[in-house]
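These are the residues of each chain, in order.
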Amino acid sequence: MLRAAYQQRTWTLPADAVVRHGTAEDAARVLHGLTFTVLTGAGISTDSGIPDYRSPDSPPRNPMTFQQFVADEAFRRHYWARNHVGWQHVRRTRPNGGHLALAALEDRGIVRGVITQNVDLLHEQAGSRKVIDLHGRSDRVVCLTCRRVISRAHLAERLSALNPHFLDEVLDGVRTVTDIEVAPDADAVVEQTAHFRPAPCEFCGGVLKPEIVYFGEAVPRERVERAFAMVDDAGALLVAGTSLTVMSGLRFVRHAAKAGMPVVIVNRGETRGDPLATVKVEADVTETLTALAGALAR
Ligand SMILES: [Zn+2]
């Protein structure tokens, strides 16, 4: 009943009421009385210690492509060596106030669900129940031959057994693993990887790959359709912490705008969805989501 009441409200704000440099209060005014789906990106996890390699002040970085991973054994060795180090950091990360604010809004029936471009599972850890991990999840590994899925934690044990001194040597001289550059996909910079022994699939000997959608790979169609359905299920779309550089996220903003839903964007820096936003809040994601949840609770 609550949901029906929320969705009966139609959007009537005239075009000249669009807010380009909004605040959390402006966002709350637009979202008040509506349900909304949330689309999140790396910017929501930076306060949890996972760097956003697309943010304006991040160094340029060439993301790995799926084709490189499949074609080149030396590349895969290098990849898994760095990933083994990065995982030590990622598995310890915890959700921040932004993740918690969205989970609280879901509890109150206001947030319909979260579509995230992140693979860090921090929304799930924060207590969000309806989460679509658009680009996969860093806690699972899939065999490219037999398609069996194992946990990343289990693979960590196998990699440590195959490379007993590797982590000690890499971490020698740094205080904690967070001193090493850690990228969003648990890819840390490690120079000496030539002797690293990656683990083959224990069932068929095939090549293992994190269950993450890499550049050059498509998001599974069924997952995309569930995400569109989640957008359609709400009265508005909130975008947080993504510059919408890749079409896999931008298409949901276009879809919502085309359907006449208000779109609120919270991000430090320009996004490709800005021309479609009803309100754009250019500010800290954690602070803004916390303030927004507080304002909607009033
Ligand atoms: Zn296999």
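Residues numbered from 1 in each chain as written. Predicted model: local features only at pLDDT ≥ 70, side-chain atom pairs only at ≥ 80, totals over all residues.

## Topic: the UniProt feature "active site" (unreviewed entry) in the protein
Right, on to step 1. Sites flagged by UniProt as "active site" (unreviewed entry) map to H135.
Right, on to step 2. For H135, the location among the structural elements is in the loop between β3 (131-133) and β4 (136-143).
Right, on to step 3. Residue class for H135 comes out buried when judged on the 22 C-beta atoms lying within 10 Å of it. (UniProt positions renumbered as here; feature names shortened; annotations may be inferred. Helix = DSSP H or I, 4+ residues; strand = E, 2+ residues; numbered from the N terminus. Buried ≥ 20, exposed ≤ 12 C-beta atoms within 10 Å, placed from the backbone.)

## What to know about the packing of helix α2 (residues 24-31) against helix α11 (residues 285-297)
Right, on to step 1. Running from amino to carboxyl end, α2 crosses α11 at an angle of 45 degrees, the nearest separation of the two axes being 9 Å. Of the possible angle classes, the one that applies to α2 and α11 is oblique. The way α2 lies across α11 gives a crossing that is right-handed. Between α2, through A24, E25, A27, A28 and L31, and α11, the contact on the second element is made entirely by T288, A291, L292, A295 and L296.
Right, on to step 2. Looking at the contact of α2 with α11 residue by residue, the class counts come to eight nonpolar, one polar and one charged. (Axes fitted to C-alpha atoms, helices over the stretch in contact; angles between N-to-C directions. Parallel < 35°, antiparallel > 145°, perpendicular 65-115°, else oblique. Left-handed = near helix turned anticlockwise from the far one by under 90°. Contact = placed C-beta atoms within 7 Å. Nonpolar A, V, L, I, M, F, W, Y, C, P; charged D, E, K, R; others polar.)

## Quick word on the environment of L102
Right, on to step 1. Relative to the assigned elements, L102 resides in helix α5 (residues 97-107).
Right, on to step 2. Using a count of 29 C-beta atoms within 10 Å as the deciding quantity, one classes L102 as buried.
Right, on to step 3. Taking the C-alpha atoms as reference points, L102 and A126, separated by 24 residues in sequence, lie 8.5 Å from one another.
Right, on to step 4. Discounting residues that sit within four places of it in the chain, L102 has contacts with V38, V111, V114, H123, S128 and L289.

## A closer look at the nonpolar core
Right, on to step 1. If you look at the biggest cluster of nonpolar residues, it comprises 52 residues, and the most contacted ones within it are A27, L31, L237, V263 and V264.
Right, on to step 2. Look past the residues within four positions of A27 in its chain and what remains in contact with it is G22, V264, V266, V279, V281 and L292.
Right, on to step 3. In terms of nonpolar packing, the next biggest core, distinct from the first, is built from 12 residues, M64, A81, L155 and L159 among them. (Core = buried A, V, L, I, M, F, W, Y, C linked by C-beta atoms within 7 Å.)

## Here's the deal with the sheet that holds strand β8 (residues 263-266)
Two strands in a sheet stick together by hydrogen bonds in their backbones, pointing the same way (parallel) or opposite ways (antiparallel).
Right, on to step 1. Strand order in the open sheet formed by six strands is β3-β2-β1-β7-β8-β9, with parallel pairing between adjacent strands. The sheet terminates laterally at β3 and β9 (279-281), the two strands that pair on one side only. Adjacent strand axes in the sheet meet at a mean angle of 15 degrees when their direction is disregarded. (Pairing = 2+ DSSP bridges.)

## Details of the sheet that holds β4
Right, on to step 1. An order of β5-β4-β6 is seen for the three strands of this open sheet, with the pairing classed as antiparallel. Taken across any chain shown, the strands that pair with only one partner, and hence form the sheet edges, are β5 (149-151) and β6 (208-212). Adjacent strand axes in the sheet meet at a mean angle of 40 degrees, parallel and antiparallel pairs treated alike.
Right, on to step 2. Inspection of the sheet shows β4 paired to β5 by three bridges, in the antiparallel sense. Counted as the bridge partner of V142 is V149 from β5.

## Quick notes on the UniProt feature "binding site: Zn(2+)" (unreviewed entry) in the protein
Right, on to step 1. Within the UniProt annotation, "binding site: Zn(2+)" (unreviewed entry) is assigned to C143, C146, C201 and C204. The annotated residues occupy 62 residues of the chain but converge on a single region, no pair of C-alpha atoms lying more than 8.6 Å apart.
Right, on to step 2. Checked against the element boundaries, C201 lands in the loop between α8 (166-171) and β6.
Right, on to step 3. The exposure class of C201 is partly exposed, given the 18 C-beta atoms found within 10 Å.
Right, on to step 4. Apart from the residues lying within four places of it in its own chain, the contact partners of C201 are C143, T145, C146, R148, G206 and L208.
Right, on to step 5. Mapped onto the fold, C204 is located in the loop between α8 and β6.
Right, on to step 6. The partly exposed category is assigned to C204, around which 13 C-beta atoms lie within 10 Å.
Right, on to step 7. Excluding anything up to four places from it in sequence, C204 contacts C143, T145 and C146.

## Brief notes about the pairing of strand β1 (residues 36-40)
Right, on to step 1. Within β1, five of the five residues are buried, which leaves the element mostly enclosed by the surrounding structure.
Right, on to step 2. Going residue by residue along β1, you find F36, V38 and T40 tucked away on one face and T37 and L39 tucked away on the opposite face as well.
Right, on to step 3. Pairing analysis gives five bridges linking β1 to strand β2 (residues 111-116), with the strands arranged parallel. Within β2, the position partnered with V38 by the bridge is V114.

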